[in-house]
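Structural overview
Chain by chain, the residues run as shown.
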Amino acid sequence: MPHDHHDHLSPSGHPYRPDNDEPLSYWQTMEIAVRELLIEKGVSTAAEINAQIDAMDARSPADGAQVVARAWTDPAFRDRLLANGSDACREMGFDIGALHLIAVENTAQIHNLIVCTLCSCYPRNLLGMSPDWYKSREYRSRAVKEPRKVLAEFGMTLPEDVQVRVHDSTADMRYVVIPARPDGTDGWSVDRLAGLVTRDSMIGTGRVKTP
Amino acid sequence: MTDFDGKRWHDMGGDTAGPVRPSEHDFALWEKRVDALMVLCSTKGLFTVDGLRRAIEDMGPDVFENTTYYDRWIASINQNLIEAGTYTLGELGAKMDAVAKRGATYGEAASE
């Protein structure tokens with residue numbers, strides 16, 4: 001590719017984001033070097049790397065919202081989802097990979113929260129890339145010790161009679177929260193219901209939108 | 001006596017820490033590339049997510065103050081690839097020198 005300062009297109013043909021104009025960091029230099037070495041050694045290709053980025057970009061909480069809304073409207077699917085989250089999501093066409101995905105359901109008496117205390121494991125194949133706070137020392141440290149305080153910081157104060165269950169993920173076992181279907185949504189379509197499901201409601205740190 | 005509490009720094013569940021700041025950012029292209037390299041390298045069997053974690057865990061507790069998430073990932077990916085014999089330390093050094101000479105911004109340096 002010609003070294004042209006006016007041609008700010010990435011190899012995928014997309015314009016560079018503004019933050020690519022900041023001074024080159026050491027670790028960015030390493031990323032470029034590692035990527036080019038992998039291509040030169042025949043391990044991968046630029047097209048394959050771009051395709052992987054596109055596949056990840058295509059994943060978003062909207063995928064998880066479709067799963068939740070189906071669980072709300074299809075009792076047999078809900079049962080399959082709770083029995084085997086990976087297979088139920090695959091059934092809907094989502095590429096869950098080799099992960100063991102476990103769906104945990106909120107009820108009037110149980111609120112579920114997911115975390116990865118050891119690193120940053122997240123149901124990324126269903127929800128896309130994780131928010132920064134999920135990977136922070138503060139969330140990882142405290143979610144298992146004082147979940148009610150952490151939830152309050154997210155604006156959720158739960159009644160004392162609601163049990164909080166915290167699920168600590170591992171590299172091979174990821175969780176996703178199935179929030180409770182809100183009242184006032186009788187007869188709603190799956191797509192309309194899915195519009196109520198937020199990312200944070202599937203992590204356990206937020207509520208679904210109010211109908 | 002030492003003040004070692006029996007667990008390594010990454011095993012932070014239950015530690016005391018400050019409030020959770022609801023921080024988020026849109027991922028930059030270079031971060032998405034690092035993420036893609038990890039997925040592809042693990043899919044191809046060059047190393048595993050456990051390998052990724054091992055190298056990160058060996059970095060020590062101050063990496064949270066000194067590096068970003070994807071800084072740590074590319075450092076770990078690189079270490080694992082050198083260990084796997086995919087390329088040598090010498091090849092990495094030469095390539096990083098060449099990349100750095102291309103320009104002062106990521107956009108320039110990423111364009112061969």
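Residues numbered from 1 in each chain as written. Chains lettered and ligands numbered in written order. Predicted model: local features only at pLDDT ≥ 70, side-chain atom pairs only at ≥ 80, totals over all residues. Heavy atoms only, no water.

**Topic: the overall build of chain A**
Counting its secondary structure elements, chain A contains ten helices and four strands. Listed N to C, the secondary structure of chain A is α-α-α-α-α-β-β-α-α-α-β-β-α-α in terms of helices and strands. Counting across all 211 residues of chain A, residues that qualify as buried make up 51%. Counting only contacts in chain A whose residues sit at least 6 apart along the sequence, the fraction spanning at least 24 positions is 62%. Accessible area for chain A stands at about 9500 Å²; split by element, carbon and sulfur atoms hold 52% of it. If the 23 positive side-chain charges of chain A are averaged to one point and the 30 negative ones to another, these points end up 7 Å apart. (Helix = DSSP H or I, 4+ residues; strand = E, 2+ residues; numbered from the N terminus. Buried < 20%, exposed > 50% of the residue type's maximum accessible area, 1.4 Å probe, protein only. Contact = heavy atoms within 4.5 Å. Areas by Shrake-Rupley, 256 points an atom, 1.4 Å probe, with all protein chains shown as cover. Lys, Arg positive; Asp, Glu negative; His and termini not counted. Charge placed at Lys NZ, Arg CZ, Asp CG, Glu CD.)

**A few points about the overall build of chain B**
Across its full length, chain B carries six helices and zero strands. Traced from its N-terminal end to its C-terminal end, chain B shows the element sequence α-α-α-α-α-α. By the compact-globule yardstick of 13 Å for 112 residues, chain B is too spread out, its C-alpha radius of gyration being 17 Å. For the C-alpha atoms alone, the extent of chain B along its principal axes is close to 50 × 35 × 30 Å. Expressed as a percentage of the 112 residues in chain B, the buried residues total 49%. Counting only contacts in chain B whose residues sit at least 6 apart along the sequence, the fraction spanning at least 24 positions is 60%. For chain B, the exposed area adds up to about 5500 Å²; of that, 55% sits on carbon and sulfur atoms. (Rg over C-alpha atoms; globule rule 2.2 N^0.38 Å.)

**Regarding the interface of chain B and chain A**
Facing the 65 residues of chain B at the interface are 62 residues of chain A. Counting the surface chain B buries against chain A, the share from its top three residues, B:V20, B:R33 and B:Y106, is 11%. Taken together, chain B and chain A are joined by nine salt bridges. Among the salt bridges present, the one from B:E91 reaches A:K41, with a minimum N-O distance of 2.6 Å. On inspection of chain B and its partner chain A, the count reaches 23 residue pairs in polar contact (both at pLDDT 80 or more). Of all elements in the fold, only α1 (29-43), α2 (49-57), α3 (63-66), α4 (69-83), α5 (89-100) and α6 (106-109) of chain B reach the threshold of two or more residues within the side of chain B that touches chain A. For the side of chain B that touches chain A, the element with the highest residue contribution is α1(B), accounting for eleven residues. (Buried area = accessible area lost by both parts, 1.4 Å probe. Salt bridge = Lys/Arg side-chain N within 4 Å of Asp/Glu carboxyl O. Polar contact = N/O pair within 3.5 Å; in protein donor to acceptor, adjacent residues only side chain to side chain.)

**Quick notes on the pairing of strand β4 (residues 173-178) of chain A**
The side chains of a regular strand alternate between both faces of the sheet. Residue and element names in this part refer to chain A. Of all six residues in β4, five are buried; the element is thus mostly enclosed. Sheet topology note: the strand β1 (residues 100-105)/β4 ladder contains six bridges and is parallel. Bridging from a neighbouring strand, E105 pairs with I178 of β4. (Pairing = 2+ DSSP bridges.)

**Here we look at the confidence of the model for chain B**
For chain B, the average pLDDT comes to 93, and 99% of its residues sit at 70 or higher. At the level of individual helices and strands, chain B shows its lowest average pLDDT in α3(B), which scores 85, and its highest in α5(B), which scores 98. (pLDDT = per-residue confidence, 0-100.)

**Re the packing of aromatic side chains**
Two measures describe an aromatic ring pair: the distance that separates the ring centres and the angle between the ring planes. Evaluation of the coordinates by the stated rule reveals twelve aromatic pairs over all chains. With centroids separated by 4.8 Å and ring planes inclined at 90 degrees, the aromatic side chains of A:Y26 and A:W27 adopt a geometry described as edge-to-face. Here the aromatic residues A:Y122, A:W133, A:Y134, A:Y139 and A:F154 are joined through ring pairs into a cluster of three or more. In this structure, B:R72 packs its charged tip against the face of B:F64, placed 4.5 Å from the ring centre. (Phe/Tyr/Trp six-rings, centres within 6.5 Å; stacked < 30°, edge-to-face > 60°. Lys NZ or Arg CZ within 6 Å of the ring centre and 35° of its normal.)

**Considerations on the side chain of A:Q52**
Along the chain, the position of A:Q52 falls in helix α2 (residues 46-58). What makes A:Q52 buried here is its relative accessible area of 15%. Discounting residues that sit within four places of it in the chain, A:Q52 has contacts with B:A36, B:V39 and B:L40.

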